[in-house]
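# Examination of the molecular architecture
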Amino acid sequence: MKKTVASKALMMASAVALVAGCSKGTGSYSLLNDAEDYKQQAVFIPKQIDILWVIDNSGSMKTSQDNLAANFQSFHLALPTVQL
């Protein structure tokens, strides 16, 4: 019984502390003046990537393996047109 009362009192005190700590302040966390805007420039930097193929060599994947082998050249040719 005492544990239940103590537990409820602790929960109530925690709730009051949380509500009291959450003020609706008008302060701003921005380091810029109101008239200033930050604009980030987009710059394309080509990078090399590594591609790791993990291929299941179980017999049930034979059809998928054949499909991959047949279409690998298409994948290779499409790479230069993809912008990452």
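See above for the structure.
In short, a report on the structure. (Residues numbered from 1 in each chain as written. Predicted model: local features only at pLDDT ≥ 70, side-chain atom pairs only at ≥ 80, totals over all residues. Heavy atoms only, no water.)

What follows deals with the overall build of the chain. What the chain contains, in helices and strands, is two helices and zero strands. A burial count over the chain gives 0% of its 84 residues as buried. (Helix = DSSP H or I, 4+ residues; strand = E, 2+ residues; numbered from the N terminus. Buried < 20%, exposed > 50% of the residue type's maximum accessible area, 1.4 Å probe, protein only.)

The grouping of I49, I51, W53, I55, F72, F75 and L79 at the surface amounts to a nonpolar patch, some 610 Å² of accessible area in total. For I55, the position within the fold is in the loop between α1 (2-21) and α2 (62-78). Overall, I55 belongs to the partly exposed group, its relative accessible area being 48%. (Patch = residues over 30% accessible without salt bridge, like charges linked within 9 Å, V, L, I, M, F, W, Y side chains within 5 Å. Areas by Shrake-Rupley, 256 points an atom, 1.4 Å probe, with all protein chains shown as cover. Salt bridge = Lys/Arg side-chain N within 4 Å of Asp/Glu carboxyl O.)

A full pass over the atoms with the stated rule returns three aromatic pairs. Where W53 meets F75, the ring centres are 5.2 Å apart and the plane angle is 85 degrees; that geometry is what we call edge-to-face. Here F75 lies in helix α2 and W53 lies in the loop between α1 and α2, a separation of 22 residues in the sequence. Taken together, the aromatic side chains of W53, F72 and F75 make up a single cluster linked through ring pairs. (Phe/Tyr/Trp six-rings, centres within 6.5 Å; stacked < 30°, edge-to-face > 60°.)

That's the geometry; what it means functionally is another story.
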